[in-house]
Amino acid sequence: MPIFAVDGSDTQIATNPGDTGSYYPGSNGQKGYNLLHLNALYDLEEHVYTDAIIQAAKSQNEHGALNEMVDRSEIPKALV
């Protein structure tokens, strides 16, 4: 039975104030920035990523991303 790990991570991308789903205005003199959230499913035995979902950071949903990756997987049984 495969063993998977799932984790999410924010990644800063090019600044685009028009992308309201990922843009964070700066504060205290800091410039604004955009973030995306990467949710990745990793096979611990094979040492490969088997799926990933990228979301705008403001609407990230790690639980929903995990459910989506599990639902579209063709693996019948696994430990996550």
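Provided above is the structure to which this section pertains.
Residues numbered from 1 in each chain as written. Predicted model: local features only at pLDDT ≥ 70, side-chain atom pairs only at ≥ 80, totals over all residues. Heavy atoms only, no water.

Asker: Can you help me understand the packing of aromatic side chains in this one?
Answerer: Geometrically, a pair of aromatic rings is defined through the distance of the ring centres and the angle of the planes. Inspection of every chain in the model, using the stated rule, returns two aromatic pairs. With a centroid separation of 5.5 Å and an interplanar angle of 15°, the aromatic rings of Tyr 24 and Tyr 33 are classed as stacked. Note on Tyr 24: relative accessible area 24%, which makes it partly exposed. One residue, Lys 58, lies across the ring of Tyr 24, its end atom 5.2 Å from the ring centre. (Phe/Tyr/Trp six-rings, centres within 6.5 Å; stacked < 30°, edge-to-face > 60°. Buried < 20%, exposed > 50% of the residue type's maximum accessible area, 1.4 Å probe, protein only. Lys NZ or Arg CZ within 6 Å of the ring centre and 35° of its normal.)

Asker: Can you walk me through the pairing of strand β3 (residues 33-43) in this structure?
Answerer: Side chains on a regular strand alternate between the two faces of the sheet. Of the pairings in the sheet, the one linking strand β1 (residues 4-13) to β3 comprises ten bridges and is antiparallel in character. By the bridge assignment for β3, Gly 8 is matched with Asn 39. In the sheet, strand β2 (residues 23-24) pairs with β3 via two bridges, with the strands oriented antiparallel. Its bridge partner being in β3, Tyr 23 is matched across the sheet by Asn 34. Examined bridge by bridge, β3 and strand β4 (residues 48-56) share eight bridges and lie antiparallel to one another. Bridging from a neighbouring strand, Tyr 42 pairs with Tyr 49 of β4. (Pairing = 2+ DSSP bridges. Helix = DSSP H or I, 4+ residues; strand = E, 2+ residues; numbered from the N terminus.)

Asker: Can you help me understand the environment of Ser 9 in this one?
Answerer: By secondary structure assignment, the location of Ser 9 is in strand β1. Looking at Ser 9, the relative accessible area reads 40%, which means it is partly exposed. Along the chain, Ser 9 and Ser 73 lie 64 residues apart, while their C-alpha atoms are 21 Å from each other. Residue contacts for Ser 9: discarding those within four places in its chain leaves Leu 36, His 37 and Leu 38. (Contact = heavy atoms within 4.5 Å.)

Asker: Got a minute to help me understand a nonpolar patch on the surface in this structure?
Answerer: On the surface, a nonpolar cluster with roughly 390 Å² of combined accessible area is contributed by Met 1, Ile 3, Leu 44 and Leu 79. Of note, Ile 3 is situated in the segment before β1. (Patch = residues over 30% accessible without salt bridge, like charges linked within 9 Å, V, L, I, M, F, W, Y side chains within 5 Å. Areas by Shrake-Rupley, 256 points an atom, 1.4 Å probe, with all protein chains shown as cover. Salt bridge = Lys/Arg side-chain N within 4 Å of Asp/Glu carboxyl O.)

Asker: I tried to follow the pattern of salt bridges on my own but got confused; where do I start?
Answerer: A side chain of one charge can pair with a side chain of the opposite charge when the charged atoms of the two come close. Following the criterion strictly, the structure yields two salt bridges and no others. A salt bridge links Arg 72 to Asp 51; the nearest nitrogen and oxygen atoms lie 2.8 Å apart. Taken as a pair, Arg 72 in helix α1 (residues 62-72) and Asp 51 in strand β4 lie far apart in primary sequence, 21 residues in all. On the basis of relative accessibility, which here comes to 41%, the residue Arg 72 falls in the partly exposed class. A salt bridge links Arg 72 to Glu 68; the shortest N-O distance between them is 3.2 Å. With Arg 72 and Glu 68 both in helix α1 and four residues apart, the pair spans about one turn of that helix. Assessed through its relative accessible area of 41%, Glu 68 is described here as partly exposed. Through salt bridges with shared partners, a single ionic network connects Asp 51, Glu 68 and Arg 72.

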